[in-house]
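Architecture at a glance
Chain by chain, the residues run as shown.
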Amino acid sequence: MVMLKGREMGMFILASTIGGFNIGDLIFQLTMLLIVIGIPVVLILTLFVFSRRNKRLNRIEEKVDKLLSDNENKD
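Anyway, here's the lowdown on the structure attached to this text. These numbers come from a predicted model, not from an experiment.

1. A closer look at the overall build of the protein
- Each helix and strand in the protein was counted, giving two helices and two strands.
- Across the 75 residues in the protein, those meeting the buried criterion constitute 1%.
- In the structure as shown, the protein presents an accessible area of about 7,200 Å², 68% of it carried by carbon and sulfur atoms.

2. Observations concerning a nonpolar patch on the surface
- A surface patch of nonpolar side chains, amounting to about 620 Å² of accessible area, comprises F21, L26, L30, L33, I37, V41 and L45.
- Take the nonpolar patch: its biggest share by element is six residues, from helix α2 (residues 23-74).
- With respect to the helices and strands, the residue F21 is situated in strand β2 (residues 21-22).
- A relative accessible area of 40% means that F21 is categorised as partly exposed.

3. Side note on the pattern of salt bridges
- A full pass over the atoms with the stated rule returns one salt bridge.
- A salt bridge links D70 to K66, with the nearest nitrogen and oxygen atoms 3.2 Å apart. One end of the pair, D70, and the other, K66, are both in helix α2, four residues apart, so they sit about a helical turn from each other.
- On the accessibility criterion, K66 (53% relative accessible area) is exposed.

What counts, and at which threshold
Residues numbered from 1 in each chain as written. Predicted model: local features only at pLDDT ≥ 70, side-chain atom pairs only at ≥ 80, totals over all residues. Heavy atoms only, no water. Helix = DSSP H or I, 4+ residues; strand = E, 2+ residues; numbered from the N terminus. Buried < 20%, exposed > 50% of the residue type's maximum accessible area, 1.4 Å probe, protein only. Areas by Shrake-Rupley, 256 points an atom, 1.4 Å probe, with all protein chains shown as cover. Patch = residues over 30% accessible without salt bridge, like charges linked within 9 Å, V, L, I, M, F, W, Y side chains within 5 Å. Salt bridge = Lys/Arg side-chain N within 4 Å of Asp/Glu carboxyl O.

No statement about biological role is implied by the geometric values presented.
Written as structure tokens, this is what we have:
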């Protein structure tokens, strides 16, 4: 039995095949799938966060305006 170490083991894993399909191909395909799914998810989450932040800022601005107008009416 031959013992592989470090880089040799990594190269063996990438070069090994399962039923004619390379492990390296599998890793590449999974990485590309994650990227293809991940980019739209990140974009949608970013838009959602900015939308919520904008609504929150609008509510705070309305409250500050109301407080300022109430303070001016008292004087």
